[in-house]
Amino acid sequence: MRGSPLFLCLFSVSFWVTLMPTTGDKIFHFGACRVSMSTAEIRAGFTAIKANIVIIKLIFFKSSDRCCITHHLLTFYVDKVFKHCTTEDSFVNRKISSIANSFLSTRRKLGQCREQNNCECGEESTEKFKQILANYEGLNVTSAAMKSLGELDILLDWMEKSR
């Protein structure tokens, strides 16, 4: 008889241990299902992948074409993306508007550089940019705009590497 309370205690502890999340894990409730997972680990992995994708996507542009490509990308965001990124949240809309204004200002400065012939695009870079536009235009307008807004960090990381 003395063994059964000990067995019950050990069984209870092992049962509760299986319900406790491991380090960094959180318990998510998906309807009736409970799942323990680490979103931090997933996000860290995705961030690493995304960083490599940034290098792969934008490294194809020659450094001599960076001014022109940046001008094209800023124009793309101002003319195509920000116009279609509206939400029900006025705070988010104001932030999008603020980013759009910053892009306009930067594009204007790059435009002055282009006027002085210091900002030219090579044929290869122009073709690659046309591919970006074709991919964008192949999607639903609102979905494409939101996707592009979600990838804005890729462009900003690439631009910051120009310093």
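Source: prediction; values computed, not measured.

1. What to know about the overall build of the chain
Then step 1. Secondary structure assignment for the chain yields seven helices and two strands.
Then step 2. What you see in the chain, going N to C, is helices and strands ordered as α-β-β-α-α-α-α-α-α.
Then step 3. Sorting the 163 residues of the chain into buried and exposed places 23% on the buried side.
Then step 4. The long-range fraction of contacts in the chain, counting pairs at least 24 apart against all pairs at least 6 apart in sequence, stands at 71%.
Then step 5. Here the chain has roughly 11700 Å² of accessible surface; of this, 60% comes from carbon and sulfur atoms.

2. Structural notes on the confidence of the model for the chain
Then step 1. For the chain, per-residue confidence averages 74 on the pLDDT scale, and residues scoring 70 or more make up 73% of the total.
Then step 2. Low pLDDT (under 50) marks residues 6-22, which in the prediction has six contacts with non-local residues, meaning those over four places away or in another chain.

3. A short note on the packing of aromatic side chains
The description of an aromatic ring pair rests on the distance of the ring centres and on the angle between the ring planes.
Then step 1. For the coordinates displayed, the defined rule picks out five aromatic pairs.
Then step 2. Plain terms: the ring middles of Y77 and F82 are 5.7 Å apart, the flat faces sit at 45° to each other, and that makes the pair tilted. When sorted by exposure, Y77 lands in the same class as F82, which is buried.
Then step 3. Arranged with centres 5.4 Å apart and planes meeting at 75°, the rings of F82 and F103 form a pair that is edge-to-face. Taken together, the positions of F82 in the loop between α3 (66-81) and α4 (90-115) and F103 in helix α4 put the pair 21 residues apart, joining distant regions of the chain. With respect to class, F82 is no different from F103; both count as buried.
Then step 4. Each member of the aromatic cluster is reached from another via a ring pair, and the members are F76, Y77, F82, F103 and Y136.

Analysis parameters
Residues numbered from 1 in each chain as written. Predicted model: local features only at pLDDT ≥ 70, side-chain atom pairs only at ≥ 80, totals over all residues. Heavy atoms only, no water. Helix = DSSP H or I, 4+ residues; strand = E, 2+ residues; numbered from the N terminus. Buried < 20%, exposed > 50% of the residue type's maximum accessible area, 1.4 Å probe, protein only. Contact = heavy atoms within 4.5 Å. Areas by Shrake-Rupley, 256 points an atom, 1.4 Å probe, with all protein chains shown as cover. pLDDT = per-residue confidence, 0-100. Phe/Tyr/Trp six-rings, centres within 6.5 Å; stacked < 30°, edge-to-face > 60°.

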